[in-house]
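Understanding the architecture of this molecule
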Amino acid sequence: MTTLRYLAASASIAVLAFATSGNVAADEFPTRPLTMVIGFAAGGSTDIQGRVLANVMEEYLGQPVNVVNQPGAGSAVAFTRLKNNTDGGHTFLFGGTTALTFTPIITEVEYEIDDFEYLAAVAVGQNAIVTAAGQPFQTFDDLITHGRENPMTYAQQTPLDQAIMESVAAQEGLDLAIVPTGGGGGMAPLVLAKEVDFAYSGGTHAQYTPTGEMVVLAFLSAERSPFYPEVPTIMELGYDYSIEDYRTIIVPAGTPEAAKARLIAAAEHASRSERFIEITEGNTFFPVVFIGQEEMEANVRRIRAATEAVMAGN
Amino acid sequence: MNLDVVFAAMGEALTLSSFIGIGGGVFLGYVIGVIPGLSRSVAIAIAIPLTFYMTPYIAISFLIGLSKGTAAGSAVSAILLNAPGEASSAATCLDGYPMAKAGRPKTALKIGLLASVIGDILATMILIFVAIPFARVALLFGPYEMAAILAFALVFIAGLSGGSLFKGLAAGGFGIFLGTIGLDPQTGLPRMTFGYTELMDGMPLIAVAIGTLALSEMFVQAERLRTERGNMSIKIENRPDDVLRWREFKITIPTIIRGTGVGTFVGALPGLGPSVGSFMSYGMAQRASKTPERFGKGAPEGIAASESADNAVIPAALIPLFGLGIPGNVSAALLIGAFAIHGITVGPLLLRDEPELLYSIFAGMIVASIVMLLIGWFGLMLFAQITRVPPPVVIPIVIFFCLSGMMLQGYGAFGLLILMAFALLGYLMKKYDYSFVTFLVAFIITPMLELNLRQSIILSRGDPMILLNRPIALFFIACTVLALVALAVRTLRHPKPLANAPEEA
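Computed from a prediction, not measured in an experiment: that's the story for all the values here.

Scanning chain B from terminus to terminus reveals 21 helices and 2 strands. Across its three principal directions, the C-alpha atoms of chain B cover 65 × 60 × 50 Å. Across the 505 residues that make up chain B, the buried fraction comes to 59%.

If you look at the interface, chain A gives 45 residues, while chain B gives 42 residues. At the level of elements, α3 (45–61), β2 (65–69), α4 (76–83), β6 (152–156), β7 (176–180), α9 (184–192) and α11 (274–282) of chain A are the ones that each hand at least two residues to the side of chain A that touches chain B. The biggest single contributor to the side of chain A that touches chain B is α3 of chain A, with 5 residues. When grouped by side-chain class, the residues that make up the side of chain A that touches chain B number 22 nonpolar, 17 polar and 6 charged.

This part is about the domain arrangement of chain A. All names here are of chain A. For chain A, the domain assignment lists domain 1 (2–125 + 244–312) and domain 2 (128–219). Averaged C-alpha coordinates put domain 1 and domain 2 at centres separated by 31 Å. If you look at the interface, domain 1 gives 9 residues, while domain 2 gives 6 residues. At 3 residues, the largest contribution of residues to the side of domain 1 that touches domain 2 is made by helix α12 (residues 293–312). Counted by class, the side of domain 1 that touches domain 2 contains 6 nonpolar, 3 polar and no charged residues.

All names here are of chain A. The strand order β7-β6-β8-β5-β9 describes an open sheet built from 5 strands, whose pairing is mixed. Pairing within the sheet leaves two strands with one partner each, and these edge strands are β7 and β9 (214–219). Across this sheet, the average inter-strand angle for adjacent strands is 30 degrees, counted without regard to direction. Alignment of strand β5 (residues 128–132) against β9, held across 5 bridges, turns out to be antiparallel.

Here the focus is the sheet that holds strand β3 (residues 91–95) of chain A. Strand pairing in a sheet takes place through backbone hydrogen bonds and is either antiparallel or parallel in direction. All names here are of chain A. Taken in spatial order, the 6 strands make up an open sheet running β2-β1-β3-β10-β4-β11, and their pairing is mixed. Because the sheet does not close on itself, it has two edges, and the strands there are β2 and β11 (288–291). Strand-to-strand twist of the sheet, defined as the mean angle between neighbouring strand axes without regard to direction, takes the value 25 degrees. Pairing between strand β1 (residues 34–38) and β2: 5 bridges, direction parallel. Note on β2: the bridge partner recorded for Leu 34 is Val 65. α3 rests against β1, β2, β3, β4 (116–124) and β10 (246–252) of the sheet, and its axis sits at about 160 degrees to β2.

Residue and element names in this part refer to chain B. Taking 1.5 Å as the rise per residue, helix α12 (residues 274–288) with 15 residues should run 21 Å; its terminal C-alpha atoms sit 21 Å apart, in good agreement. Among the 15 residues that make up α12, 12 are buried, leaving the element largely enclosed by the rest of the structure. For α12, the full list of buried residues reads Pro 274, Ser 275, Val 276, Gly 277, Ser 278, Phe 279, Met 280, Ser 281, Tyr 282, Gly 283, Ala 285 and Gln 286. Here the buried face of α12 lies against α4 (56–81), α5 (90–101), α7 (143–158), α11 (253–268), α13 (300–316) and α20 (436–459).

Another point: the confidence of the model for chain B. All names here are of chain B. For chain B, the average pLDDT comes to 85, and 94% of its residues sit at 70 or higher. Mean pLDDT across the elements of chain B ranges from a minimum in helix α1 (residues 3–13), with 71, to a maximum in α13, with 94. Confidence over residues 497–505 falls short of pLDDT 50; this stretch has 23 contacts with residues more than four positions distant or in other chains. The ipTM for the predicted assembly is 0.82, set against a pTM of 0.83.

In this sheet, β7 of chain A lies alongside β6 of chain A in parallel orientation, the contact comprising 5 bridges. If you follow Ala 155 of chain A over to β7 of chain A, its bridge partner there is Val 179 of chain A.

A few words now on the packing of helix α2 (residues 16–34) of chain B against helix α17 (residues 355–384) of chain B. Residue and element names in this part refer to chain B. Interhelical geometry of α2 versus α17 gives an angle of 50 degrees and a closest axis separation of 9 Å. Classified by the angle their axes make, α2 and α17 are oblique. Remark: the crossing between α2 and α17 carries right-handed chirality. Contacts between α2 and α17 pair Ser 18, Phe 19, Ile 22, Gly 23, Val 26, Phe 27, Tyr 30 and Val 34 from the former with Gly 364, Val 367, Ala 368, Val 371, Met 372, Ile 375, Gly 379 and Phe 383 from the latter. Grouping the amino acids of the contact of α2 with α17 by side-chain chemistry returns 12 nonpolar, 4 polar and no charged.

Residue and element names in this part refer to chain B. With their axes 8 Å apart at the nearest point, α7 and α20 run at an angle of 155 degrees to one another. Classified by the angle between their axes, α7 and α20 sit roughly antiparallel to one another. Crossing angle aside, the handedness with which α7 passes α20 is left-handed. Here Pro 143, Tyr 144, Met 146, Ala 147, Leu 150, Ala 151, Ala 153, Leu 154, Ile 157 and Ala 158 of α7 lie close against α20, whose contacting residues are Thr 438, Val 441, Ala 442, Ile 445, Met 448, Leu 449, Asn 452, Leu 453, Gln 455, Ser 456 and Leu 459. When the residues that make up the contact of α7 with α20 are grouped by side-chain class, the tally is 17 nonpolar, 4 polar and no charged.

We now examine α11 of chain A. All buried positions along α11 of chain A are accounted for by Phe 276, Ile 279 and Thr 280 of chain A. Here the buried residues of α11 of chain A occupy an arc of 90 degrees about the axis, which is enough to place them on one side. Those residues of α11 of chain A that are buried are in contact with α3, β4, α10 (257–271) and β11 of chain A together with α15 (330–341) of chain B.

Let us look at unusual backbone geometry. All names here are of chain A. Of note in the backbone geometry, Lys 194 takes a positive phi value of approximately 60 degrees without being a glycine. When you line up the elements, Lys 194 lands in the loop between α9 and β8 (198–201). C-beta crowding within 10 Å serves as the criterion here: with 15 such atoms nearby, Lys 194 is assigned to the partly exposed category. Although it is not a glycine, Phe 285 sits at a positive phi angle of roughly 60 degrees. Positionally, Phe 285 belongs in the loop between α11 and β11. Residue Phe 285 is classed as buried on the basis of its 22 C-beta neighbours within 10 Å.

Rules used in this analysis
- Residues numbered from 1 in each chain as written.
- Chains lettered and ligands numbered in written order.
- Predicted model: local features only at pLDDT ≥ 70, side-chain atom pairs only at ≥ 80, totals over all residues.
- Helix = DSSP H or I, 4+ residues; strand = E, 2+ residues; numbered from the N terminus.
- Buried ≥ 20, exposed ≤ 12 C-beta atoms within 10 Å, placed from the backbone.
- Contact = placed C-beta atoms within 7 Å.
- Nonpolar A, V, L, I, M, F, W, Y, C, P; charged D, E, K, R; others polar.
- Domains from an automatic or database assignment.
- Pairing = 2+ DSSP bridges.
- Axes fitted to C-alpha atoms, helices over the stretch in contact; angles between N-to-C directions.
- Expected span 1.5 Å × (residues − 1).
- pLDDT = per-residue confidence, 0-100.
- Parallel < 35°, antiparallel > 145°, perpendicular 65-115°, else oblique.
- Left-handed = near helix turned anticlockwise from the far one by under 90°.
- Arc of directions from axis to C-beta.

Below, the structure is given as structure tokens:
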């Protein structure tokens, strides 16, 4: 019964059509331990969420879920490997979608969006513009006002956030110098020591806002964060850009329907699990959601098109 | 600091279950440290799921014990096999292996162990009593300072190399060249990756380190086996002179204290890492010595300098972690994940909100140091059995571990090919007396130097006068210039360098 209910929830006609004949097979998957690939090094927010997710999925699926870190090029290495995997859904990737919606635009990679299926998203990526407490500007509007009179510095992490900030700077007439940081770990000391005026954060700010050391000025995400309800998105502030990212369970295209259905069901189970919610929302400040396959397939393609438009503008 | 809290926490740290957890971590780390190819960061990543079922305090102490164990254990293979278990013990080979070959392997192992444990305990004390309130000092070291320190480290460590100046420049230059491979940190465009996704994050560090340090050494030894069969392995005999006497240990104490200082400084600055620490310490010990010509030929101070700094980096890397929430190196970054899985956010709030937990962890770290001494001391005889195994058996086993260590990195067959290429490179460098130390350090430092230099140039908007407001950066730039001048003068005066990499026997 539960299997049928989850299959329905996945809202995929193909899955439903398969359900009557494939029920037995669905109960059989997984027949052996599963592998969850994480395209980042251990210790980051994807890794933390992934390890807890694996733990919760393991309880639901009745087989161990082993976490394997395959870091490199913002998950591009992991996606390249995953593309050629043919073990019928026993190996899946958990992580953000920027390696599909952004990376292929600026660099040559050996995979494309259609090489994968996007089964379910369980958390929404948080992309923010942050500054240090004690800077003369503590809102995005103040930042712009301040920037019109003073030369400003900004710490980027990806060419995408740099492109957006260059457009904002051009629109507002800011004199902006942009430095690379090599990631959230490199961003934090630059912001805290006020070496830069403001910076991009892909989630690292969650560690510093509770102490009051860092302030979120605006979100680059499409929606406000429930954890910073008073902070606007830059879209609301009148700049037509956003960086959307969903932490998604991804398998190679052509994975058997029965396996996909079980993985989707396990993901939905995890999205309601207290343990997963506690760590993801409480420690990494990522809102937990459940977005099924049909919507995610559309999301990935929509974000890619929007990103291409932003990058073409530069 | 509330002493009651400290003592209550100490009490909790001394339960049987915590001893088992910490002891298990140290032992596991020690074994992983001994085995060339299996690296510290991989060990921690693999061990994190093991800690799911432990209490947060035991889990964190277990992982810190594991880090400490690898740093101490890696000296064993450096001394007995000339193949360091971790890149950070590469400097230990320089004197440890010659001393062992000269018939005093036990003495070398004991000096390495004592230096590790003392460096570890002193740095842990600094972490507990001095550093956390002063963690913000690390923020004084911005991009300008880091770029200057990295440039200094590059020149200073390059000065240790054997061979001619030009061979040193060639080795360092090649390291710098390979260090620039990968995605440009700002534009994200690939540089010299030739279409390989695997190279986008640069040449995998583990492949370069294991290949040039451990695997190439196995090739060298396998080749030597053909000519010196039966006459090359290190024997642990109960020779009367293979005993560490107080008189001999006493002279290494100033070196250990200096090494701890260097290791703590390097560890507290985010990014530098233990390899830079141990080589800096080795270089400073050599410069400070009245008899620098003994270095590279089995000087006890050489072992002590490298090992004390290597171990001091580990607790010191927790200074920015606990004080600011910024990880000091890769292993510390892994600990953030481990904390988070247990529902704890690392950073300055930990001291305010959960002081008991923090002090328990500190107490656990001291326990780990003591356990490390016991395991090292009594395990000495056990690990020494390695030397009874004939080289034709040891060499293939080490090669197997090197290859498996690479597979654990998740690079697949591509990683093995890169590993083999670097093993060949390391072999040729050893054969033709190019310094692989200079090569490796240049390779490790280059990406950090590039990032910090680019940040400095962009932030200063190209104006060098900003350095006048940056006295720390200016100081290290002056040191770099002095080191360059000293290097040039030395090359002109003594065609032979002071310290040779271990000579071919």
